[in-house]
Amino acid sequence: MKTLSVIIPAYNEEEVLPQLIERLNEVSEKLDRYAFEFLFVNDGSTDQTLNLLKELNKQDPRMKYVDLSRNFGKETAMLAGFDYATGDGIVILDADLQHPPEIMEEMIYWWEQGYEDIYAVRKKREGESFLKEWTSKTYYKVVQKMTPEKVIPQAGDFRLLDKKCIVALRQLREQERYTKGMYGWIGFKKKEITYFAEERAAGKTKWNYSNLFKLAIDGITSYSTVPLKVWSYIGFAISVFAFLFLAVEIVKTIIYGTNVAGYPTLLAAILFLGGIQLISLGVIGEYLGRVFVETKGRPPYFIRESSQEDVEKEEQHDESSA
Ligand code: UDP
Ligand code: MG
């Protein structure tokens, strides 16, 4: 029997947990050809989430948990999930039931057909503002243009990954993570399916425009060097323009004599170039910041306790004792 690990990052999700567990139990009963493991990653919740998880683990040993030492964010919580999951296949699921667990059946079908990364693309996000939908759409268009590997728009973390993908993802240990780009980068055989996103079952979203903006910047700066390189082209174009402008001015001065006016053009040129310089400095700063964070080589997360051992450590242990 194949095992499936369902990774569920949870940050202050006490309100939805009971509903989620009910749905997960139903689904696992239906898909009884597989052994399930539900691995909750408690991402530094400040409510009763952890206690609920411990309680669940006592009642049902399939419900496992990893407790991170603080809130590291969903991207890192997922990495912890990859490290601790033991299944032959892994499904990543949001705790708030926006990812209907029933879709797993279809994912498993394609998995059995030999696909290694079956990702669900949401058809419509209900209960989401127009602005959020629009910004998300435009953002993915920009990312698509700038990155060599494809980031599939509207495809989130809701997907079934074969063990092979997980072994690959475990090795990508950068701190400022953008997992959506990693799925594309690691390769493997992909299959797209669709689902209808529901409204969050209970509780509040943990995203706001500030952390979405940070994730958006991470998405671009971790996969693309286009923003770094584009300045040389812009600089070159401005230099050519400035040179031509100067030539015209010289000719004009020779023909019509000196002209003291020109204060507006001067100011415009200075401001324009000043702006460009500041923007390009900012871009370099973004990348330098990433380099700074990554060169420290810190582990991406720490755990306080877990209901099971780190898979990789376990494997190393087996090897040394053998
Ligand atoms: N989440 C997390 N750590 C965080 C923020 C969110 O583990 O710092 C989890 C959260 O519990 C949920 C998932 O990530 O399971 C998606 O979060 P949310 O529903 O708030 O995001 P949205 O669906 O609004 O994009
Ligand atoms: Mg949600």
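The structure displayed is predicted, hence computed values, not measured ones.

Caption draft 1: Molecular detail of the nonpolar core. In terms of nonpolar packing, the biggest core is built from 35 residues, with L20, F40 and M107 touching the most fellow members. Looking at this core element by element, the count peaks at five residues for helix α1 (residues 17-30). Excluding its chain neighbours within four sequence positions, the residues that come into contact with M107 are V91, I118, A120, F158, R159, L160 and I193. Of all hydrophobic cores here, the second largest spans 34 residues; its members include M78, L79, F82 and M146.

Caption draft 2: Broad picture of the site of ligand 1. The immediate surroundings of ligand 1 are formed by 18 residues, with E13, D43, D96, Q98 and T205 found nearest. Side-chain polar atom of E13 to an oxygen atom of ligand 1: 2.6 Å apart, as the coordinates give it. At 2.5 Å from an oxygen atom of ligand 1 is found a side-chain nitrogen or oxygen belonging to D96. In the shell around ligand 1, the residues fall into five nonpolar, four polar and nine charged.

Caption draft 3: Inspection of the coordination of the magnesium ion (ligand 2) at higher detail. Bound to the magnesium ion (ligand 2) are the protein donor atoms D96 (OD) and Q98 (OE1), situated 1.8 to 1.9 Å from the metal. Residue Q98 is classed as buried on the basis of its relative accessible area of 13%.

Conventions adopted
Residues numbered from 1 in each chain as written. Chains lettered and ligands numbered in written order. Predicted model: local features only at pLDDT ≥ 70, side-chain atom pairs only at ≥ 80, totals over all residues. Heavy atoms only, no water. Core = buried A, V, L, I, M, F, W, Y, C linked by side-chain atoms within 4.5 Å. Buried < 20%, exposed > 50% of the residue type's maximum accessible area, 1.4 Å probe, protein only. Helix = DSSP H or I, 4+ residues; strand = E, 2+ residues; numbered from the N terminus. Contact = heavy atoms within 4.5 Å. Near = heavy atom within 4 Å. Polar contact = N/O pair within 3.5 Å; in protein donor to acceptor, adjacent residues only side chain to side chain. Nonpolar A, V, L, I, M, F, W, Y, C, P; charged D, E, K, R; others polar. Donors = N, O, S within 2.8 Å, 3.2 Å for Na, K, Ca; no water.

It is worth stressing that arrangement in space is one thing and function is another; only the former is reported here.
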